[in-house]
Structure formats: structure tokens, C-alpha cells
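Commentary on secondary and tertiary structure
Each chain, written out:
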Amino acid sequence: MEGVMAIGKSSYALSSSSSIRLSLPTTTVSATTNHRHLAAFQSPAHLFSNSSLSYRMINTTKKNKTAHIFLPHLIASMEVEESYIMIKPDGVQRGLVGEIITRFEKKGFKLKGLKLFQCPKDLAEEHYKDLSSKPFFPKLIGYITSGPVVCMAWEGVGVVASARKLIGATNPLQAEPGTIRGDLAIQTGRNVVHGSDSPENGKREIALWFKEGELANWEPVQTPWLIE
Ligand code: IDP
Ligand code: MG
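**Quick notes on the overall build of the protein chain**
Secondary structure assignment for the protein chain yields eight helices and 11 strands. Among the 228 residues that make up the protein chain, the fraction classed as buried is 38%. Of all intrachain contacts in the protein chain linking residues separated by at least 6 positions in sequence, the fraction that spans at least 24 positions is 62%. Just so you have it, the protein chain exposes about 13500 Å², and 56% of that area is on carbon and sulfur atoms.

See the structure below:
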């Protein structure tokens, strides 16, 4: 298969020999790999389908055929949501607070609440009540109450799903490089950060961890540079 994918004003070519040619308005970048036997160099062909999103692939054997990148797990809500993000005690003890906050700041989400907090046992149990029947529950409560945590409320379009992607998989060894857990942790029981798993839980958890008056309503000056 050989094709050229156009993204905005840029385009790049795909072929069965994993030859990728990236054409920018003024430059052309070529990269050829011969590592198809390695999982890390899988053909990108599976990323394309004829549905969703606004990317256009021009197949050079079937010119002008329109197709699109198909990444269902990357599609986030278009609603303004809130997510409760918490740096767990291991993240605080390991000096990762600045690094973790920075990832959400750089993404462009709005910080509405932030505090260092020693979590009492009953709050940890309420927060993780859905896991109360799990064998690891007592250890989880012990972990979350073992030292201060950093509580954060973040707001933005699609912030819940996006934050989960920034955080990565629950098991840090399965989390992708580039994610917080993928880069900074190795064990599920020490996975440095929590993120709400639904918009409903985002609201529930922020109401649980923050008192009235602890959240700020403000408009970042950068908003027009993030959202058209
Ligand atoms: P999540 O944090 O990725 O949403 P959940 O399944 O909601 O994952 O689990 C909540 C937290 O419970 C995890 O982040 C982790 O700290 C802990 N946990 C989950 N599964 C295990 C386990 O099998 N052993 C130890 N701790 C676990
Ligand atoms: Mg969870």
C-alpha cells in the first residue's frame, strides 16, 4: 500500500515498506524503516478508515480517495467538564508535584482548585468506595492516607478523557511512554496520580475533596490562544 496523508497544509506518504514521506508547505522530510518485524514499527495502516475526524488520506494508487485517521480511544467529549486530579503520597514524596501539574498546565486546562492535604481514612474510603470489595482495598486506603496528597480541580473541554490519557493506564508498566504513569512509575500500587473516570465522578470527587470557597472562578488570559 502506498498513500499520502494530508493533515492541514502538511502531508505524508505511507507504504507497505514503512516509507514515510512528510511534505510540509516548504519542506519535504523522508524517513525509511525496514523494521516491520518489530512491534514498535508496526504499519500505520490500521490507523485509517473511511470514517471520523478531519484527516484526509490520498492513496497514490487510488488518487483522491478520502479516508481518515481512526483512533476511537482518542476521541474526547466536546463538553466543558471538571476532573479531580490528585497527586498521591508517592508523587508528593518523590518530588513530582511540579512535573505533574506542569503536564496539565501545558495541555491548556484551567486549574480551579489546588491544595496540599492530609487525607483522613473516611474520606479515602468514600473516594474509593466502588473498590471496597477488592482485596487490595485496605492497602489502597493505607497508601492514600500515608502522607499528604495534592488535590486539584481542572476544567476544560473534554478534560476527563484527556486527563486519563495524560495519566496513562492504571498499571504503569502498561502505560504508554509520554504519559505520567508511563514515565514516572512502575507499580499499580504506587502509580503517583489519580484522575476521575467520568464527568459525573469528576463533579462528585471535586465536591468530596474541596469545600465551598476553595475553588476559584477565573478566566485565564491565554484562553483566546487555546480556543478559537
Ligand atoms: P485508576 O486509578 O486508573 O482509575 P482504578 O481501577 O480505579 O484505577 O483503581 C484505583 C487505584 O487503586 C489505582 O490507581 C491503584 O492505586 C489502586 N489499585 C488498582 N488495582 C490495584 C491492584 O491490583 N493492586 C494494588 N492497587 C491497585
Ligand atoms: Mg479509577
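The structure having been displayed, the exposition proceeds.
**Some remarks on unusual backbone geometry**
The phi dihedral of Val-192 is positive, around 60 degrees, even though this residue is not glycine. Relative to the elements of secondary structure, Val-192 occurs in the loop between helix H6 (180–184) and strand E11 (193–195). Look at Val-192 and you get buried, because its relative accessible area is 0%.

**Things to note about the nonpolar core**
Ranked by size, the top nonpolar core spans 21 residues in total, and within it Ile-85, Ile-100, Phe-104, Met-152, Trp-154 and Ile-180 carry the most contacts. The set of elements that each furnish at least two residues to this core consists of strand E8 (80–87), helix H2 (97–107), strand E10 (149–157), helix H5 (159–167) and H6. Ranked by the residues each element gives to this core, the list is headed by H5, at four residues. The next biggest cluster of nonpolar side chains, apart from the first, holds 17 residues, and it includes Met-86, Cys-119, Ala-124 and Ile-144.

**Here we look at the site of ligand 1**
Taken together, Lys-88, Tyr-128, Leu-131, Phe-136, Leu-140, Tyr-143, Arg-164, Thr-170, Arg-181, Thr-188 and Asn-191 form the complete shell of residues around ligand 1. Here an oxygen atom of ligand 1 and a side-chain polar atom of Asn-191 are 2.8 Å apart. When the free accessible area of ligand 1 is taken as 530 Å², the share hidden by the protein chains comes to 73%. Class assignment for the residues of the shell around ligand 1 results in five nonpolar, three polar and three charged.

**Notes on the pairing of E10**
Within E10, eight of the nine residues are buried, which leaves the element mostly enclosed by the surrounding structure. Where E8 meets E10, eight bridges bridge the pair, whose relative direction is antiparallel. Bridge pairing in E10 links Tyr-84 to Ala-153. Where strand E9 (residues 110–117) lies against E10, seven bridges are found, and the strand directions are antiparallel. Pairing of Lys-110 across the sheet is with Glu-155, part of E10.

**Let's talk about the pattern of salt bridges**
One pass over the full model with this rule turns up nine salt bridges. Ionic pairing is found between Arg-103 and Glu-99, a salt bridge with its closest N-O pair at 2.7 Å. Of this pair, Arg-103 and Glu-99 both sit in helix H2, four residues apart, roughly one helical turn. Taking relative accessible area as the criterion, Glu-99 reaches 37% and is therefore assigned partly exposed. When salt bridges that share partners are traced, they join Lys-110, Lys-112, Glu-155 and Glu-219 into one network.

**Overview of helix H7 (residues 199–209)**
Of the positions making up H7, those classed as buried are Asn-201, Gly-202, Glu-205, Ile-206 and Trp-209. Buried residues in H7, looked at end-on, bunch into an arc of 130 degrees, giving them a common side. What points out from H7, more than 90 degrees from its buried face, is the exposed set Glu-200, Lys-203 and Ala-207. Next to the buried residues of H7 lie E8, E9, helix H3 (121–127), E10 and E11.

**With respect to the side chain of Lys-112**
Along the chain, Lys-112 turns up in strand E9. At 2.9 Å, the side chain of Lys-112 forms a polar contact with the side chain of Asn-217. Excluding residues that lie within four positions of it along the chain, Lys-112 makes contacts with Glu-82, Ala-153, Glu-155, Glu-214, Leu-215, Ala-216, Asn-217 and Trp-218.

**Regarding a nonpolar patch on the surface**
A contiguous nonpolar patch, built from Met-78, Val-80 and Val-157 and spanning about 330 Å² of accessible area, is present on the exposed surface. On the accessibility criterion, Val-80 (58% relative accessible area) is exposed.

About the cut-offs
- Residues numbered from 1 in each chain as written.
- Chains lettered and ligands numbered in written order.
- Predicted model: local features only at pLDDT ≥ 70, side-chain atom pairs only at ≥ 80, totals over all residues.
- Heavy atoms only, no water.
- Helix = DSSP H or I, 4+ residues; strand = E, 2+ residues; numbered from the N terminus.
- Buried < 20%, exposed > 50% of the residue type's maximum accessible area, 1.4 Å probe, protein only.
- Contact = heavy atoms within 4.5 Å.
- Areas by Shrake-Rupley, 256 points an atom, 1.4 Å probe, with all protein chains shown as cover.
- Core = buried A, V, L, I, M, F, W, Y, C linked by side-chain atoms within 4.5 Å.
- Near = heavy atom within 4 Å.
- Polar contact = N/O pair within 3.5 Å; in protein donor to acceptor, adjacent residues only side chain to side chain.
- Nonpolar A, V, L, I, M, F, W, Y, C, P; charged D, E, K, R; others polar.
- Pairing = 2+ DSSP bridges.
- Salt bridge = Lys/Arg side-chain N within 4 Å of Asp/Glu carboxyl O.
- Arc of directions from axis to C-beta.
- Patch = residues over 30% accessible without salt bridge, like charges linked within 9 Å, V, L, I, M, F, W, Y side chains within 5 Å.

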